[in-house]
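Structural characterization, general
One letter stands for each residue in the lines below.
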Amino acid sequence: MNTLEQQAVDLATEIYGLTATTATALPGEMDQNFRLETQDGRRFILKIAADERDDELLDLENAALRHLALETLPLRIPRLVEPPSGPSERVRLLTWVDGRLWVDVPERGPALRRSLGAAAARLDRALATFHHPVAIEREHDWDLRWAHRQARHVSQVAEGNRQALLDHAFQQYSGHLRDAWPTLPPSVIHGDLNDYNVTVDERGESVFGLFDFGDLTASHRVCEVAIAAAYGCLGEDDPVAAALDVLAGYHQILPLEEDEIAVFFPLVCARLAVSLVFAARRRAQAEGNEYLLVTEKPAWTALERLAQSSPAQGEDRARGMCERKPAPGGGQAPDSLSATRKRRIGPSLGLSYRQPLKIVRGRGPYLFDHRGRPFLDLVNNVCHVGHAHPRVVEAAHRQMARLNTNTRYLYDGLTDYADRLASLLPEPLEVCYFVNSGSEANELALRLARTHTARRRLLVMEGGYHGHTEQLIGLSHYKFLGKGGAGAAGPDVSVVPAPDAYRGRHRRTGGPQDADLGRRYGEEVGRVIEESNDPVAAFLCESLLSCGGQVEPPAGYLADAFERVRAAGGVCIADEVQVGFGRVGEAFWGFGLQSTPEAPVVPDIVVLGKPIGNGHPMAAVVTRREFAESFATGMEFFCTFGGNPVSCAVGLAVLDVIEEEGLQENARVLGGRFLAGLRQLAGRHPLIGDVRGRGLFLGLELVRDRHTLEPAAEEASAIVEEAKKDGFLLSTDGPLHNVIKIKPPMVLTADDVDRTLRALDRAFAAHSPS
Ligand code: PMP
């Protein structure tokens, strides 16, 4: 025994009256730990708290040990030996937990790993009734809720490829966990079931005991099993399978929820990443503390191998392992649901994909089918801030539980929301009307324009879509000229050419005359105005064409066209239903992309829909005061649901999220990343004729021949189907059905973009003409 060990023996005698014959110093992160043995073979651990150890935290740990001592657990947990002279919180004597350390077991099989999961679950079940204020208050670095804080220290790891690996892990973590935390079941957890804190029976078949409760905290239940799995997979050839063993063992004792299963792998990787970042940081500070560095090598290997499987694959396998039954709440299988739908729902309502998906849940940019398989949703620009965004859900829930009424009463939500929306639009757009859908909003916009001008004639755009009502179908060239269409609404509808620089009347050539394309398409508007003596009431146009094939007008188009419309006494209506609220990245509104200080583009009426309520049915029209005054003819405007308190609360929450999560900027950055990647794909796959769009509103136009522009509609559908097989949801559109649309929820991550590009690459490779 060295001096320190002798001191430990003396302390045990002095405080606990224990006569130890031997003492052995043990490694530890903070405390000084000694194994003591008595003459009669009893073993203990004496823990001397480091000075920096907080009294409160020691109290928490001790309280947890006392709580667990009263539970009947089929596991060895250290017991606190209470000294005869009253509690001694800083020099503690605990019973020794027998068994071999997990790390010392040479061959660990699936049964042992399952038993680790089961032990973690049993422990968590016992901790479910443990309460301590410090557990809730503490915020410590190893708690996976704060893992993202370590992301900024990745640069302390020397090797660049390893930095990339860690970045990937932190990115996955953020992508999956950002919105998930509020729905994950909370729990007090041990928080550090690492391979040095778990013992195994002598045969190496099952977990025998657990110790070191120093990281105990109130976190989330799934973090416990993820941490155990992060260490349980070290040194294994197939760490995914090994982690799944731990998960399955846990799930058998304490069934996990779908959301927990979905975040399991990102948490496992985050724990390894946190551990590796800490090792790098500590190496600099506390050279030589081997205890902190021991798991480094196997952790790198495990993380590298885990990163080779996609989150969707990992999640799929996790669900399979936990034998999740189909669709929570049951419901019909997709085939029988399709049959019922055929009987009950009008046949003109289409379904996406050859094998339609039954979607039961959404979260962030993901949709989950009835088997729990995640799909990255790249087409839903309605759930703008992500599916089931907790903030929006909560706002709706809270307001719905308090009051939902209508605009005939005074309430703050309506004016708060109108103020907020107006503040996002350029002057003089300041008066708001609230309705329930984009169609309704366009109808109202037309009433406003026609009442103000006392004229009827409308200019609409080739390829435009504005809604499903009787009148709007006749104003939506995409519909009235498409299948089943019956032509324009009447003689007072004129169609202006789509400002499509790829396939339209005036095309991009790569030469200097391209700068003039906006004006040339503007002249087309002027030409159409002059085709008739009937004076123009309004020009109704989408700021970027959506159903028309994701077409961004050439620079200067809207300024030129609006000028001509106004010169003819008409009103300019921007339909922003598809593209508003930051989607295009560089501007908050689609028309903003065309606005310059020399030629500002400010519509007279703006129509908002789809993303405005993140899926809650609401829409708005914002206009100038004089238009609103003309509209006050004596006839009341009333829309039963429009602007109700719940919708206003939802609308405000959506704006908060866009702002606080920096989603416009995210769209700008990811749009650039997507466009660059898609252009690279175009270099490899001749089917891609044009890559276009802005921010997270993008399109790929497919052609069989880059000179004749023969549309490749079937190929586009086949590629969409192929990507779906891989877990990526896209769709086709455009008058020729040959444009692949990309307009995902704005909460996509760079990693999602990269994975989508890889999936598209594979899909194109599978369908390239041989
Ligand atoms: N305008 C545009 C540009 C649209 O894309 C749509 C819907 N696709 C509408 C209006 C109509 O909106 P809603 O379906 O909410 O009536």
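Let me sum up the structure you'll find in this document. (Residues numbered from 1 in each chain as written. Predicted model: local features only at pLDDT ≥ 70, side-chain atom pairs only at ≥ 80, totals over all residues. Heavy atoms only, no water.)

Turning to the site of the ligand, a few remarks are in order. Around the ligand, a shell composed of 13 residues is seen, among which Gly438, Ser439, Asp575, Gln578 and Lys610 lie nearest. In this structure, Gly438 approaches the ligand through a main-chain N or O atom, which is 2.9 Å from an oxygen atom. One of the side-chain nitrogen or oxygen atoms of Ser439 is found 2.4 Å away from an oxygen atom of the ligand. Burial of the ligand by the protein chains amounts to 84% of its free accessible area of 390 Å². If you tally residues by element for the shell around the ligand, the top one is helix H15 (residues 438–453), at three residues. In terms of residue class, the shell around the ligand is built from two nonpolar, eight polar and three charged. (Near = heavy atom within 4 Å. Polar contact = N/O pair within 3.5 Å; in protein donor to acceptor, adjacent residues only side chain to side chain. Areas by Shrake-Rupley, 256 points an atom, 1.4 Å probe, with all protein chains shown as cover. Helix = DSSP H or I, 4+ residues; strand = E, 2+ residues; numbered from the N terminus. Nonpolar A, V, L, I, M, F, W, Y, C, P; charged D, E, K, R; others polar.)

Turning our eyes to something else, we now look at the side chain of His389. Here His389 shows up in the loop between strand E13 (374–377) and helix H13 (390–402). Among residues more than four places away in sequence, those in contact with His389 are Asp179, Asn614, Val657 and Glu661. (Contact = heavy atoms within 4.5 Å.)

Taken together, the side chains of Asp54, Glu56, Asp59 and Glu137 make up a negatively charged region of the molecular surface. Among the secondary structure elements, Glu137 is positioned in helix H4 (residues 133–137). (Patch = residues over 30% accessible without salt bridge, like charges linked within 9 Å, V, L, I, M, F, W, Y side chains within 5 Å. Salt bridge = Lys/Arg side-chain N within 4 Å of Asp/Glu carboxyl O. Lys, Arg positive; Asp, Glu negative; His and termini not counted. Charge placed at Lys NZ, Arg CZ, Asp CG, Glu CD.)

So, about the sheet that holds strand E8 (residues 198–200). Taking strand neighbours across the sheet as the criterion, the three strands line up as E6-E8-E9 in an open arrangement whose pairing is antiparallel. Among the strands making up the open sheet, the edge pair consists of strand E6 (100–101) and strand E9 (207–210). Two elements, E6 and E8, share two bridges in a ladder whose sense is antiparallel. The residue bridging Leu101 from the neighbouring strand is Thr199, located in E8. Sheet contacts for helix H3 (residues 110–127): E8 and E9; angle to E9, the most-contacted strand, approximately 40°. (Pairing = 2+ DSSP bridges. Axes fitted to C-alpha atoms, helices over the stretch in contact; angles between N-to-C directions.)

Moving on, we get to the sheet that holds strand E24 (residues 731–733). The strand order across the open sheet formed by four strands is E21-E22-E25-E24, and the pairing between neighbours is antiparallel. If you trace the sheet from one side to the other, it starts and ends with strand E21 (688–694) and E24, each paired once. If you compare each strand with its neighbour and ignore which way they point, the axes differ by 30° on average. Direction of pairing for E24 relative to strand E25 (residues 739–742): antiparallel, over a ladder of three bridges. Directly across from Thr732, in E25, lies its bridge partner Ile740. Packed on one face of the sheet, helix H22 (residues 663–684) meets E21, strand E22 (697–702) and E25 and runs near 175° to E21.

Another point: the pattern of salt bridges. Taken as a whole and assessed by the stated rule, the structure comprises 53 salt bridges. We note a salt bridge from Asp656 to Arg420, for which the minimum N-O separation is 2.9 Å. In this pair, Asp656 is assigned in helix H21 (residues 645–660) and Arg420 in helix H14 (residues 412–423), connecting sequence segments 236 residues apart. Using a relative accessible area of 21% as the deciding quantity, one classes Arg420 as partly exposed. Among the ionic pairs, Arg527 bridges to Glu524, the shortest N-O distance being 2.6 Å. Highlighted residues: Arg527 and Glu524, both in helix H18 (residues 517–530), separated by three residues, approximately one helical turn. (Buried < 20%, exposed > 50% of the residue type's maximum accessible area, 1.4 Å probe, protein only.)

Taken across its six residues, strand E3 (residues 43–48) has five buried, putting it largely inside the fold. Where strand E2 (residues 32–38) meets E3, six bridges bridge the pair, whose relative direction is antiparallel. Pairing of Phe34 across the sheet is with Leu46, part of E3.

The geometry of helix H6 (residues 221–232) relative to helix H7 (residues 239–253) is characterised by a closest axis approach of 8 Å and an angle of 140° between their N-to-C directions. The way H6 lies across H7 gives a crossing that is right-handed. Contact residues: H6 offers Arg221, Val225, Ala228, Ala229 and Gly232, while H7 offers Ala242, Ala243, Val246, Leu247 and Tyr250. (Left-handed = near helix turned anticlockwise from the far one by under 90°.)

This part covers H21. In this model H21 runs 22 Å from its N-terminal to its C-terminal C-alpha over 16 residues, within 8% of the 22 Å that 1.5 Å per residue would give. Of all the 16 residues making up H21, 13 are buried; the element is thus mostly covered by neighbouring parts of the structure. Where H21 begins, the side chain of Asn644 points an oxygen toward the backbone nitrogen of Val646, at a separation of 2.9 Å. Looking one or two residues beyond H21, the residue adopting positive phi is Gly662, at roughly 60°. (Expected span 1.5 Å × (residues − 1).)

One pass over the structure, following the stated rule, counts twelve aromatic pairs. When the ring of Phe264 is compared with that of Phe265, the centres are 5.1 Å apart and the planes differ by 70°; the resulting orientation is edge-to-face. One exposure class covers both Phe264 and Phe265, and it is buried. Consider the rings of Tyr433 and Phe631, whose centres lie 6.0 Å apart with planes at 90°: the pair is edge-to-face. Pair noted here: Tyr433 is in strand E14 (residues 429–435) and Phe631 is in helix H20 (residues 625–631), with a separation of 198 residues, a long-range link. (Phe/Tyr/Trp six-rings, centres within 6.5 Å; stacked < 30°, edge-to-face > 60°.)

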